Amino acid sequence: MQEINRMDSPVCPARLADATLADPEVLECPYPTYALLREEAPVFKDPNTGIYVVSRYEDQRKIALDYDNFSNFRYSNDHSSLKGNARLAHERFLEKGWVPGESLAARDDPNHKQMRSIFDQAFRPKRINAIDADVEKLAYQLMAEFVNDGHCNFVHQYAVPLPLFIICQQMGADMDDVWQIKKWTDGWIKGLSIGLSEEETIYYTDLEIEAQHYFQAIFERLRKTPDDSLLSDLVNLEVPGWGRTLTDNELHAEMMQDTFVGGSETTTNAMAAGLMLLDKDKSAWEQLSSNPDKYLKTFCDEVVRLETPTQGMMRVAKNDYELHGVQIPKGAQVDLRYASGNRDPRHFENPEAINLERKNAGSHLGFSTGTHYCLGAPLARRELYWGFKAFIDAVEDFSVIPNKNNLRHLPNYSLRILKELHIEFTART
Ligand code: HEM
C-alpha cells in the first residue's frame, strides 16, 4: 500500500472555530494551524481539551519566565484526585512497583532549584566534554555498519541507537539490554496516549513496572559502589536543603521521563526530522555538506527550531491572568506551544525556511528558557552535531525512498516522533 505523506497535505482548519490540537490529523502537520492561531487567537482555549494554547514566541518567553503566575505542577502528581485509568495505574504501581515521584520538570523553585543542583552537578560541562569523544566514536561506528549497503532505515539503524546507547552507558545499563530498554520507553510513550482502554493501561503500566525493577537493581548497585556515570551522581548526591538523596520513587520518575524519553527520544526525533528537512531542501544539503564546519552548528539549531521535538510544554496558572484580552483562570492548564513560537515571523525572518546563516537561530525555544531550560541541551547538541557530521562525512548524496516509508508521526500531543525513515544514498569514495 502506498503511504500518504501527510506532511505534503496538511490539515488546516478553514476557520478558527474548527481549530483544535486534539485532532491527530492536525498534529500530523500542525504548522498551518499554529500560523492561524498566532494570527487570530494567540491565546486559544482548545474546545476539546480546555487547554489554553499560547502560540507566539514573546508570550511563551514571558510565561516561561513568570514564576509568580505560572507553575510546572502536574495534576498527575496529585494522587488524591486521580480517576479512571490514572487511578488504576497508580494502584498497580503501589502494589507491584514504585509510584513515580515528582520529576524535576514538574517542580517549582526553590524546591526545583535545589533538586536541579544535583542534576547540574551530574551534567557538568567537564563530564559532557568527556562524553563527547564517545558520541563521536559511536556516530562513526554506527555509520560504518551500513555505509556499504547504500541504504538504511535511518531511524532504526542510526537516530535511535546514537543517543540511546550514550544514555544507557551513562545510566549504568548493560549494553546488551539497550533494545529491551527501548521497548520500555516506547511503551511509556504509548501509555501517555489519550483514550487508552483499561487493558492497555494495565499493559503499559506493567511494562513500566518491569523497567522499574531493572533500574532498581542499578540504583542499589550504585549506592554500594558509586562510579563515574551520570546516574551514580543522581543516586548518591545529597540534595542541598533536603538533607537526603533522591528516593527510589523520585529516581524512577527521572529514569523514564527526564532521561530515557526526555533525553533520548527527543534527540532521535531531531535527527530524523533533520534528514527529512534536508531531503526536501537539497540546496540546504549542498550548502551544509560542502562546509559542515561552518554550517553544522546553525543547522542543528534550525532543526530543533523547525521541527521542535518537544512541541509544547504545560504550565498551570497560579492566579487569574489576562493575555491578549483572554482571561486565563487560576488552575487552568497552559500549553507553551514552542513549535509555534519557533516559527513566529515576529521573531524569525522567513521562519518556514532553513537558513544556515540565520543570526538568531540559537534563540529558538526548542529547549525552553528560564529555570526549566533543558538540562540535556549541551549533550543533545553534541549528539546532533556528531550524528550529522558522521553522516555528511560518509554520504555524498541521499534521498528518502519513495513508497517504502510510513511517514506519519506517532500520534502524540507533545512529542513529534517519526517511526521510520528508509533512505538510499551514495557513499563517499
Ligand atoms: C533534541 C533533544 C532535546 C529536546 C528538544 C529537549 C527539550 C526539552 C524542553 C523543551 C524542556 C523544557 C520543558 C519545559 O519548558 O518545562 C526540557 C527539559 C528537560 N530536558 Fe530536554 N530536550 C532534549 C534533550 C535532552 C537530553 C539529552 C536530556 C538528558 C539526558 C534532557 C533532559 C531534560 C531534563 C531533565 C529537563 C527538565 C529540566 C528542568 O525542569 O529543570 N533533554 N527538554
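In what follows, the accompanying structure is described. Within every chain, residues take consecutive numbers counted from 1 along the sequence as written. Residue-level local features of this predicted model are given only where pLDDT is at least 70; pairs of side-chain atoms are given and counted only at 80 or more, and the full residue set underlies all totals for whole chains, interfaces and linings.

**Regarding the site of the ligand**
Note the threshold: All residues are tested the same way: a C-beta atom is placed from the backbone, and lying within 6 Å of a molecule or strand makes the residue near it. Helix and strand assignments come from DSSP, with helices taken as H or I runs of at least 4 residues and strands as E runs of at least 2, each series counted from the N terminus.
In the region of the ligand, 25 residues are neighbours, and Gly263, Thr266, Ser368, Cys374 and Gly376 sit closest. Those elements giving two or more residues to the shell around the ligand turn out to be helix H12 (248-280) and helix H16 (377-394). Sorting elements by how many residues they give to the shell around the ligand places H12 first, with 7 residues.

**Considering the sheet that holds strand S3 (residues 70-71)**
The criterion, for reference: Here the rule is simple: two strands pair whenever DSSP picks up at least two bridges between them. This entry defines residue contacts through backbone-placed C-beta atoms, with two residues in contact when those atoms are within 7 Å. Interaxial angle, 0 to 180 degrees, is taken between N-to-C directions of lines fitted to C-alpha atoms, where a helix line uses only the stretch in contact.
Ordered in space as S1-S2-S8-S5-S3, the 5 strands form an open sheet in which the pairing is mixed. Edge positions in the sheet fall to strand S1 (43-45) and S3, since each has one partner strand and no second. By the bridge criterion, 3 bridges tie S1 to strand S2 (residues 52-54) in an arrangement that is antiparallel. What sits directly across from lysine 45, in S2, is tyrosine 52. This element, helix H3 (residues 57-64), spans S2, S3, strand S5 (313-317) and strand S8 (333-336) of the sheet and lies at about 125 degrees to S8.

**What to know about the pairing of S5**
As paired elements, S3 and S5 share 2 bridges and run antiparallel to each other. Bridging across to S5, serine 71 finds its partner in valine 316. When S5 meets S8, the two strands line up antiparallel, connected through 4 bridges. Across the sheet, residue valine 316 finds its bridge partner in S8, namely glutamine 333.

**Looking at the nonpolar core**
Applied cut-off: Think of a nonpolar core as buried Ala, Val, Leu, Ile, Met, Phe, Trp, Tyr and Cys residues chained together by C-beta atoms that fall within 7 Å. Burial is judged by counting other C-beta atoms within 10 Å of a residue's own C-beta: 20 or more means buried, 12 or fewer means exposed, and anything between counts as partly exposed, with every C-beta placed from the backbone.
Within the largest apolar cluster, 72 residues are counted, with the highest numbers of intra-cluster contacts made by Phe154 and Ala272. The contacts of phenylalanine 154, once residues within four sequence positions are left out, are Ala159, Ala272, Leu275, Leu421 and Ile423. Residues Leu37, Val43, Ala64 and Ile328 belong to the second largest nonpolar core, which totals 21 residues.

**Thoughts on the packing of helix H9 (residues 178-190) against H12**
How we decide: The scheme is simple: roughly parallel for angles under 35 degrees, roughly antiparallel for over 145, roughly perpendicular for 65 to 115, oblique for anything else. Under the scheme applied, nonpolar residues are Ala, Val, Leu, Ile, Met, Phe, Trp, Tyr, Cys and Pro; charged residues are Asp, Glu, Lys and Arg; polar residues are all the others, including Gly.
Relative orientation of the contacting elements H9 and H12 amounts to 100 degrees, with a least axis distance of 11 Å. Compared by their axis directions, H9 and H12 come out roughly perpendicular. From H9, Ile181, Thr185, Trp188 and Ile189 reach across to H12, where they touch Met256, Phe260, Val261 and Glu265. Among the residues making up the contact of H9 with H12, the classes are represented as 6 nonpolar, 1 polar and 1 charged.

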